[in-house]
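# Overview (structure and organization)
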Amino acid sequence: MKRARAGASVLAVLTVAAATAGCKAQAAGSAPAAPSAPPRATATDDNKPTAPPSSPTASPSPTPPTATPKPDPQGTTLMASGSQGKQVRELQARLRQIGHFDRSPTGYYGTVTVAAVQSFQVKRGLTRTGRADTLTWQKLLGMTHEPTAAELNPPTTRPVTKPDKRCMTGRVLCISKNSRTLSWMIDGRVVSSMDVRFGSQYTPTREGTFSVYWKSRHHVSSIYHTAMPYAMFFSGGQAVHYSSDFAARGYDGASHGCVNVRDEGKIASLFAQVKNGDKVVVYG
């Protein structure tokens, strides 16, 4: 009896010791637990994953050879979709000289310019990429002359209609829906003119006499979340502003009611001259 009690006491002590050490009691007669696998490699926020120790007998995998990229046979890309600036305007003017660009230069490399460059490349036996690379540019330079100021910045691609009588006095943004032009006029004299685009039938541009009440150089629409650079508001949320979409797609699209200008250089100059309170006349 004493031996049994002593054995029970020893077993109790061992059980308590195991519990306080965090071990799990193992049922009598069961197989011992298999040893746990080594920890998997994990990545932290600022460290590479730590790999488990490798086997001393394992041999490293051979590193595959790195292929050397082949140079583009047409050279470096100088301009491509999304580019903008003076060189893009020159590219467009030169393409227009030989019949590959059918509008006034805008300085923005959009889908129309891509198509014009592709047309030129195909006719000259070049790879049809739509990008103005070194070889394409050199061939174009050899076939064209340096654009004149009028070729780079023509007054408008569309004929300016006779101004509405409301445009003949004072400082006026005279906007014709029929000719799709905007003329900046001072006391009956046309200072500058430019192509414009209007809203669709669902979001038409309002007609009437208004005045510029707010100018916002880097405006972004709070409704459509689109950029409206050089915005000059004249009727509620409707404004005259530059549109990169108009520059890229032309009259294939429409605004949400605003008067879009596709020549950034011209509207930048206009924005600098127009003052709050200047008249705006929109007519059919």
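In what follows, the structure referred to is the one given above.
Everything quoted here is computed from the prediction, not taken from an experiment. (Residues numbered from 1 in each chain as written. Predicted model: local features only at pLDDT ≥ 70, side-chain atom pairs only at ≥ 80, totals over all residues. Heavy atoms only, no water.)

Our focus in this paragraph is the overall build of the protein. Scanning the protein for helices and strands turns up seven helices and 11 strands. Expressed as a percentage of the 284 residues in the protein, the buried residues total 36%. Contacts in the protein between residues far apart in sequence, at least 24 positions, make up 56% of those at least 6 positions apart. Here the protein displays about 17300 Å² of accessible surface, and carbon together with sulfur accounts for 57% of that area. (Helix = DSSP H or I, 4+ residues; strand = E, 2+ residues; numbered from the N terminus. Buried < 20%, exposed > 50% of the residue type's maximum accessible area, 1.4 Å probe, protein only. Contact = heavy atoms within 4.5 Å. Areas by Shrake-Rupley, 256 points an atom, 1.4 Å probe, with all protein chains shown as cover.)

Every buried residue belonging to helix α7 (residues 264-273) is among Lys266, Ile267, Leu270 and Phe271, and all of these are buried. With its buried residues spanning 135° around the axis, α7 presents them on a single face. A side-chain oxygen of the first residue of α7 lies 3.1 Å from the backbone nitrogen of Gly265; this N-cap is Asp263. (Arc of directions from axis to C-beta. Polar contact = N/O pair within 3.5 Å; in protein donor to acceptor, adjacent residues only side chain to side chain.)

Turning to the nonpolar core, a few remarks are in order. Judged by nonpolar contacts, the single largest core of 25 residues is most densely connected at Leu173, Ile175, Leu182, Met232, Val240, Leu270 and Val280. Excluding its chain neighbours within four sequence positions, the residues that come into contact with Leu173 are Leu182, Ser183, Trp184, Val212, Val240, Leu270, Val274, Lys279, Val280 and Val281. Met79, Phe120, Ala132 and Trp137 belong to the second largest nonpolar core, which has 14 residues in total. (Core = buried A, V, L, I, M, F, W, Y, C linked by side-chain atoms within 4.5 Å.)

Here we take up the sheet that holds strand β6 (residues 208-211). Sheet strands line up and pair through hydrogen bonds in the backbone, either parallel or antiparallel. Read from one edge of the open sheet, nine strands run β6-β11-β3-β4-β5-β10-β9-β8-β7, paired in mixed fashion. Edge positions in the open sheet fall to β6 and β7 (214-220), since each of these has one partner strand only. Strand after strand, the sheet turns through a mean of 30° between neighbouring axes, direction not considered. With six bridges connecting them, strand β3 (residues 171-176) and strand β4 (residues 181-186) associate as antiparallel partners. Residue pairing in the sheet places Leu173 in a bridge with Trp184 of β4. Contacts from α7 reach β3, β4, β5 (189-197), β7, β8 (227-235), β9 (238-242) and β10 (259-261), with the element oriented near 45° to β8. (Pairing = 2+ DSSP bridges. Axes fitted to C-alpha atoms, helices over the stretch in contact; angles between N-to-C directions.)

So, about the state of the cysteines. If you walk through the whole model with that rule in mind, you get one disulfide. Through a disulfide, Cys167 is tied to Cys174; the S-S separation comes to 2.1 Å. Classification of the bridge connecting Cys167 and Cys174 rests on its S-S torsion, roughly 80°, and on that basis the disulfide is right-handed. Each member of the pair Cys167 and Cys174 is classed as buried. (Disulfide = S-S within 2.5 Å.)

Turning to empty space enclosed by the protein, a few remarks are in order. Summary: where empty space remains is shown by rolling a probe the size of a single water molecule over the atoms. By the definition in use, this model includes two cavities of 30 Å³ or more. Space inside the second largest cavity adds up to approximately 40 Å³. Forming the boundary of the second largest cavity are Val160, Thr161, Pro163, Cys174, Ser176, Ser179, Thr181, Ser183, Met185 and Tyr283. Listed by contribution, the elements that provide at least two residues to the lining of the second largest cavity are β3 and β4. Here the lining of the second largest cavity gets three residues from one element, more than from any other, and that element is β4. For the lining of the second largest cavity, the residue count by class is five nonpolar, five polar and no charged. (1 Å grid on protein atoms, 1.4 Å probe; cavity = no way out; pocket = protein on both sides within 12 Å on 5 of 7 lines; lining within 4 Å. Points joined across faces, edges and corners; volume = space filled by probe spheres on them. Nonpolar A, V, L, I, M, F, W, Y, C, P; charged D, E, K, R; others polar.)

By volume, the largest pocket is sized at about 580 Å³. Taken together, 24 residues line the largest pocket, and the ones lying closest to its centre are Ser221, Thr226, Met228, His241 and His256. Contributing elements (two or more residues each) for the lining of the largest pocket: β8, β9 and α6 (244-249). Its residues assigned to classes, the lining of the largest pocket shows nine nonpolar, 12 polar and three charged.

On to the packing of helix α2 (residues 86-97) against helix α3 (residues 111-123). Here α2 crosses α3 at 50°, and the two axes come no closer than 11 Å. The orientation of α2 relative to α3 falls into the category oblique. The way α2 lies across α3 gives a crossing that is left-handed. Contacts between α2 and α3 involve Leu91, Gln92 and Leu95 on the former and, on the latter, Thr113, Ala116, Val117 and Phe120. For the contact of α2 with α3, the per-class residue count stands at five nonpolar, two polar and no charged. (Parallel < 35°, antiparallel > 145°, perpendicular 65-115°, else oblique. Left-handed = near helix turned anticlockwise from the far one by under 90°.)

Per the counting criterion, the structure on display carries eight salt bridges. The salt bridge involving Arg171 is made with Asp278; its shortest N-O contact spans 3.0 Å. In this pair, Arg171 is assigned in strand β3 and Asp278 in the loop between α7 and β11 (279-283), connecting sequence segments 107 residues apart. The residue Arg262 makes a salt bridge to Asp195 at a minimum N-O spacing of 3.0 Å. Here Arg262 is found in the loop between β10 and α7, whereas its partner Asp195 is found in strand β5, with 67 residues between them in sequence. An identical accessibility class is assigned to Arg262 and Asp195; each is buried. Several salt bridges share partner residues, and in doing so they unite Arg197, Asp245 and Arg249 into one network. (Salt bridge = Lys/Arg side-chain N within 4 Å of Asp/Glu carboxyl O.)

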